[in-house]
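Understanding the architecture of this molecule
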Amino acid sequence: MLAYVVRRLWQMIPTMLGVILLIFFLFNWVGGDPAYILAGKMSSPEQIENIRKQLGVDQPYYVQLWIFIKQILTFDYGASWSTGEPVSQIILTRLGPSLTLLIPLTIIQTVISIILALTVASVRGSLTDRMVMMLCTIGMSISILVYIIVFQYVLAYQLSWFPVQGWSDQFSQNLFQYSLLPILIMLVVSIAPTLRLYRSFVLDEINQDYVRTARAKGVGESRVLSVHVLRNASIPIVTEVMASLPALLIGAFLIERFFGIPGIGREIIIAVERSDFPVIKAITVYIAVLTMIFNLIADLISK
């Protein structure tokens with residue numbers, strides 16, 4: 001096991017170098033000169049050159065690349081171009097609200113999807129199975145913007161069951177008041193594709209020889225599904241959950257923006273609008289690192 005972990009960690013190095021090079025070249029060649037963006041339209045060549053020196057973009061590309069690598073190794077990406085706040089502080093303060101949404105969402109979504117997948121798979125080919133799959137297809141075809149607008153207008157504005165938007169400094173208030181409607185919306189949006197995926201995992205196992213052997217021994221259908229089938233289907237389920245966790249941090253940007261939640265996703269939108277490259281680069285690198293780490297954890301769990 002230790003040798004496997006060491007080998008996987010060693011394989012991450014060239015992958016991470018590729019990510020670093022891709023990010024560096026995209027932001028330096030495709031993103032344009034940040035000095036012109038920060039200087040504004042009414043600026044002189046002297047002002048632009050002074051900004052370039054302050055940002056260090058007047059240096060040769062190999063020097064800028066080495067500076068970027070040192071920032072990654074030291075976790076110090078400097079200050080935000082738009083607010084002057086340290087990038088590391090921005091990420092730390094925005095991580096809490098995102099996790100307040102995503103951790104309960106992941107737990108609830110996984111549990112409900114597994115229960116529904118086992119239930120639907122047990123009656124595969126029936127009218128119930130077809131109806132559920134049809135509803136999933138309809139649900140997946142509707143944009144998340146529609147869910148946000150309808151739920152926010154009906155449940156929050158018209159019925160006043162939830163606050164329309166907001167966030168506070170109290171964790172309990174955020175979890176049990178402000179995050180309930182966003183979690184509900186993300187659950188409705190994500191349950192359809194997750195249910196379809198988990199159902200396919202269950203169906204891959206439900207006709208295996210060990211399942212037929214268990215049934216031949218007189219094991220009840222509920223025990224066959226909840227113990228024998230779920231035990232083996234949980235391997236791809238865990239892999240899928242772990243692999244999707246990093247993407248969830250930025251995948252909720254519309255929810256965070258519409259509900260005024262100061263999370264990572266909302267921060268990315270603000271950074272893009274302001275061309276705040278240090279924040280965008282830092283979050284991109286962290287998401288890449290988290291993706292590799294969670295994939296490793298998923299592989300270790302399934303071994």
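Report on the accompanying structure.

Scoring rules and cut-offs
- Residues numbered from 1 in each chain as written.
- Predicted model: local features only at pLDDT ≥ 70, side-chain atom pairs only at ≥ 80, totals over all residues.
- Heavy atoms only, no water.
- Helix = DSSP H or I, 4+ residues; strand = E, 2+ residues; numbered from the N terminus.
- Buried < 20%, exposed > 50% of the residue type's maximum accessible area, 1.4 Å probe, protein only.
- Contact = heavy atoms within 4.5 Å.
- Areas by Shrake-Rupley, 256 points an atom, 1.4 Å probe, with all protein chains shown as cover.
- Core = buried A, V, L, I, M, F, W, Y, C linked by side-chain atoms within 4.5 Å.
- Axes fitted to C-alpha atoms, helices over the stretch in contact; angles between N-to-C directions.
- Parallel < 35°, antiparallel > 145°, perpendicular 65-115°, else oblique.
- Left-handed = near helix turned anticlockwise from the far one by under 90°.
- Nonpolar A, V, L, I, M, F, W, Y, C, P; charged D, E, K, R; others polar.
- Salt bridge = Lys/Arg side-chain N within 4 Å of Asp/Glu carboxyl O.
- Arc of directions from axis to C-beta.

1. Some remarks on the overall build of the protein chain
- For the protein chain, the count of helices and strands is 14 helices and 0 strands.
- Along the protein chain, from the amino end to the carboxyl end, the secondary structure elements read α-α-α-α-α-α-α-α-α-α-α-α-α-α.
- For the protein chain, the spread of C-alpha atoms along the principal axes amounts to about 85 × 60 × 35 Å.
- Across the 303 residues in the protein chain, those meeting the buried criterion constitute 39%.
- Contacts spanning at least 24 positions in sequence make up 71% of the contacts within the protein chain whose residues lie at least 6 apart.
- Accessible area for the protein chain stands at about 16,700 Å²; split by element, carbon and sulfur atoms hold 66% of it.

2. Focus on the nonpolar core
- Grouped together as the largest cluster of nonpolar side chains are 25 residues, with contacts concentrated most on Phe-68, Tyr-77 and Val-285.
- Listing elements by their share of this core, those giving two or more residues are helix H1 (2-30), helix H4 (61-74), helix H5 (87-122), helix H13 (264-273) and helix H14 (277-302).
- With 9 residues, H14 is the single largest residue contributor to this core.
- Discounting residues that sit within four places of it in the chain, Tyr-77 has contacts with Phe-68, Gln-71, Ile-72, Val-87, Pro-278, Ala-282, Val-285 and Tyr-286.

3. Quick look at the packing of helix H7 (residues 144-158) against helix H9 (residues 180-206)
- Direction vectors running N to C along H7 and H9 enclose 140°, while the axes themselves pass 10 Å from each other. Classed by the angle they form, the pair H7 and H9 counts as oblique. Considering the relative orientation of H7 and H9, their crossing is right-handed. Contacts from Ile-144, Tyr-147, Ile-148, Phe-151, Gln-152, Leu-155 and Ala-156 of H7 reach H9 at Leu-181, Leu-184, Ile-185, Val-188 and Val-189.
- In terms of residue class, the contact of H7 with H9 is made up of 11 nonpolar, 1 polar and no charged.

4. What about the environment of Met-134?
- The residue Met-134 is located in helix H6 (residues 127-141) in this model.
- Given the relative accessible area of 41%, Met-134 is considered partly exposed.
- Along the sequence, Met-134 and Ile-301 sit 167 residues apart, while their C-alpha atoms lie 33 Å from each other.

5. A word on the pattern of salt bridges
- In the structure shown here, the tally under the stated rule is 3 salt bridges.
- When the shortest N-O distance is used, the salt bridge between Arg-94 and Glu-85 registers 3.9 Å.
- Note on Glu-85: relative accessible area 24%, which makes it partly exposed.
- Here Glu-267 ties to Arg-94 by a salt bridge, and the two come within 2.9 Å at their closest N and O atoms. Remark: Arg-94 occurs in helix H5 and Glu-267 occurs in helix H13; sequence separation between them is 173 residues.
- Overall, the relative accessible area of 9% leaves Glu-267 in the buried class.
- Bridged by salt links that share partners, the residues Glu-85, Arg-94 and Glu-267 form one connected network.

6. Remarks on helix H8 (residues 171-178)
- All of the buried residues in H8 are Asn-174, Leu-175 and Tyr-178. Each buried residue of H8 sits inside an arc of 125° when the element is viewed along its axis, so together they form one side.
- As for H8, its buried residues are in contact with H5 and H9.

7. Some thoughts on the environment of Pro-163
- Inspection of the secondary structure puts Pro-163 in the loop between H7 and H8.
- Residue contacts for Pro-163: discarding those within four places in its chain leaves Ala-156, Gln-177, Tyr-178 and Leu-181.

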